[in-house]
Amino acid sequence: MPEFCDVAVPVPLDMVFTYRVPAEAVPVVGGRVLVPFRQQRLTGIVVELHDRKPSVAAKNIISVLDLTPVLDEQLLRIGRWIADYYLAPIGEVFRTMLPLQAEFKRVVGYRLTTEGQAALYQAGISGSSARSKRPPEEQDAEIRVLDYLAACESEIESYAAQTNPPSSTNGTGAASAVAPEPTVDRALAAEGHSIVREQTLRSATKVSRAILAGMVRKKWLAREDLSAPQDATRTIKIATLKSAGGKLNDNQRILLETLASSGGAVPVVALQSLDVPRTTLGTLVRRGLVEIVEEPAEFTVSRSKARPALFDFDLNPAQQSALARVRTEVAAHKFSGMLLHGITGSGKTAVYLAAMRGILEAGRSAILLVPEIGLTPAVAADLHQIFGDEVAILHSALSDRERAEQWHRIKRGDARMVVGTRSAIFAPVSDLALIIVDEEHDSSYKQEETPRYHARDIAVMRAKIANAVVVLGSATPSLESYYNATKNKYALIELPDRVEQRPLPEVEMIDMRLEFQETGHEQVISRKLAAEIKERLDRKEQVMVLLNRRGYSPVVLCRTCGKKLECQNCAIALTHHKREHKMVCHYCGYMAPVPKTCVHCGSEYVYFLGTGSEKLEELLHGMFPQARIARLDRDTVRSHEDFERALNGLNEGELDLLVGTQMIAKGHDIHGVTLVGVVGADAALGLPDFRAAERTFQLLTQVAGRAGRGQTPGKVVLQTYFQDHYAVQYAARHDFIGFYEKELQFRSWMHYPPYSALANVLVRSDDLDDVLQWSGTLGKWFDGTRHEGVRVLGPAPAPIMRLKRDYRYHFVLKSPSREKLNTTLRAMLAHAAQKKIPRTQVIVDVDALWLM
């Protein structure tokens, strides 16, 4: 039996840690173990079993959590590749790959130390008002904590010895009346532990975490990690009717009649909506008339309605050819990469689903990635209609327990068709045959926190390892993917026409500069767009209006001093949200009251500048009071149910007009929409980002594609201040190839992707002096070290210099060789560690999409 094992622990360190294997249970490579790490208990992944004795004493594994691997050999290889390619700590990579947080409960506890007992004894002699520079309320809070823990310690000792409860004194000289009556944690007491869980302690003593942290620093308290595995099974409480006899009051009768009329069993949560006191149910349970039982909770894949005619039409020749190519490559059981470039409405989804149906019939597995949580329910509904219970869904809007449940269904083989957002690429499917990345250009596939992986690239690598086929689909492919297809790295498949020969929508551009000259004032909705909306509403057709900016007004400006109202944590203007009557930062979530006077100079001349989606909705309600209007953005969509409700309303004809941000532009197939209005979507062209033109072209093309997907031809009214910009011009002509060739010229001149690999190195700290010092240190290292084939720009302040309280400086590295770029980045991180720059303060973003 191996004596030691190497464990990847989820900490920001580029290494694994060696632990001693317990005699009672041998871990498996790819399985989880619970290990001590500093003062914590952490779950890690075993990456190797061996007999090599480490140079330092190895700690023992606390417990083995899995007898079989949760990450098979292919997923372990993917994890190692991600850690190497993206320079990410291997433990944090594996944590990201496993959505099993619900199976591990993080618990912290506190116990009284000898120093704490001495402090409590001293307080009992001199009183809590002993001379101290600290506020009296802080001293009182500390005494409450010490006294409570001392009382608990006495009670635990009594409980463990099965003697009578302790007396009212705690034996330290301090009066126990200061603290609340102690509540013993029976599970800990049975083991003889004098530890109280943090939640219990804070609830009983009404103190903050800061007070407890201060007492730990004084060594009055010891902080203990009590984390342990837990059952993650989702259950629902059901009230069942046992008897209806006896004398009943009106409330009890109502509740029992409800149970009887519903077949004798109703979820407790449903009974809580009745107009009866909540205590009524408890009374009936005590009388034996009702019983509460727990049953496994059902999981609804999607509340969206599937499209009934998904396969009623015949695939056109281009779709048939694309499907045949995919099926041929899948049958070969070899890796193959394909780029499916189909215009909006060309039927890419039908090709995806037909290919997946063939995979399922062959007894193999497939993964379908979609960029937004909002698209997941719609696609899942289609998949559920076709494949039934063979579908699993994975995305971040699920609860931890729901994600764990779906993961285990996939692992057991109960579900072989997986649909989800970027994290679904790590689904533990067996015999993987096909991976599809829908809207592969979308930036949401790139994770903006460690590990900063791109799900599209992980999909390609996983398909290589599994000898599977990967299909990247989009109407507006990323320049990198289309460039790779032209260089024969991917096979290029074209869908040049819409299904059933439906025409692409006509695009009419409105120059808002001329609109201002002719009307004499700033317009949000142009006269032409207003007329087109009225015409569609009169014809009982549906309209979408895009404004890619949340809130009511994006800027609050003082006309006297000229200063903006900015976030306290970020170098960003606060956005006015009228309905909530708040100023909100869309980056960190900071909120402030709406100012009546300038916070800088006190002037009453405060000006709310600009228009967001909330204001646009209000304007449209005023212009078209009879229309049924809804808004779809991050403020109205709090969960995936909200998203489904809005899109179902549009599909069912319950809405006339939908206003929204880019959430309405992606992949939605709503046949009643015949007009799309675009308001201010070209504002991104002013951002200092080399991808600004590409993002604008993609957004305009995608939102235009929502029009005319039914039998009635569609139209797009595009309002712009940059009518002559090539991104706007090519989007208006639905000309991807023209835009691609033009943009590629600029990229080649400036050595940006796809002609070079790119990385963004961000140095951050809440102390500006630290950032200046650290970025200067790294800048001198870059200047003084030869890096052949790597160009370094910086250091320079990031475009958003302060974000979430951190000051930010960055370097941009470009190289035609990924190997040379990776070598330089590793050397830079090693130098940073040598200079004692914290690893968490130097962020390396390989293939960065966001340079702001």
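Keep in mind that this is a model prediction, so the values were computed, not measured.

Chemist: An account of the sheet that holds strand β1 (residues 4-8) is requested, with residue identities and associated values reported.
Modeler: Taking strand neighbours across the sheet as the criterion, the five strands line up as β2-β1-β4-β3-β5 in an open arrangement whose pairing is antiparallel. In this open sheet, the two edge strands, each paired with only one partner strand, are β2 (17-20) and β5 (63-64). With five bridges connecting them, β1 and strand β4 (residues 40-50) associate as antiparallel partners. Along β4, the bridge assignment pairs Cys 5 with Leu 49.

Chemist: So what's going on with the packing of aromatic side chains? Which residues, and what values?
Modeler: Enumeration according to the criterion identifies 17 aromatic pairs in this entry. Geometrically, the ring pair formed by Phe 697 and Phe 736 is tilted, given 6.3 Å between the ring centres and 45 degrees between the ring planes. A residue pair is termed long-range when its members are at least 10 positions apart, and Phe 697 in helix α21 (residues 692-704) and Phe 736 in helix α23 (residues 736-750) qualify at 39 residues. Each ring, one from Phe 697 and one from Phe 739, has its centre 4.4 Å from the other, and the planes form 5 degrees; the classification is stacked. With Phe 697 in helix α21 and Phe 739 in helix α23, the pair connects residues that are 42 residues apart, well separated along the chain. In this structure, Phe 697 and Phe 739 share a single accessibility class: buried. Among the aromatic residues, those joined into a cluster by ring pairs are Tyr 482, Phe 697, Tyr 726, Phe 736, Phe 739, Tyr 740, Phe 746 and Trp 749. Just above the ring of Trp 220 sits the side chain of Lys 218; from NZ or CZ to the centre is 4.6 Å.

Chemist: Which residues make up the sheet that holds strand β8 (residues 196-197), and what values do they have?
Modeler: The antiparallel open sheet is built from three strands, whose spatial order is β8-β7-β9. Here the strands that pair on one side only, and so sit at the sheet edges, are β8 and β9 (221-225). Pairing between strand β7 (residues 108-112) and β8: two bridges, direction antiparallel. When the bridges of β8 are listed, Gly 109 appears paired with Arg 197. The strands touched by helix α7 (residues 209-217) within the sheet are β7 and β9, with β9 carrying the most contacts at an inclination of about 110 degrees.

Quick notes on the rules
Residues numbered from 1 in each chain as written. Predicted model: local features only at pLDDT ≥ 70, side-chain atom pairs only at ≥ 80, totals over all residues. Heavy atoms only, no water. Pairing = 2+ DSSP bridges. Helix = DSSP H or I, 4+ residues; strand = E, 2+ residues; numbered from the N terminus. Phe/Tyr/Trp six-rings, centres within 6.5 Å; stacked < 30°, edge-to-face > 60°. Buried < 20%, exposed > 50% of the residue type's maximum accessible area, 1.4 Å probe, protein only. Lys NZ or Arg CZ within 6 Å of the ring centre and 35° of its normal. Contact = heavy atoms within 4.5 Å. Axes fitted to C-alpha atoms, helices over the stretch in contact; angles between N-to-C directions.

Treat this as a map of the structure, not an account of what it does.
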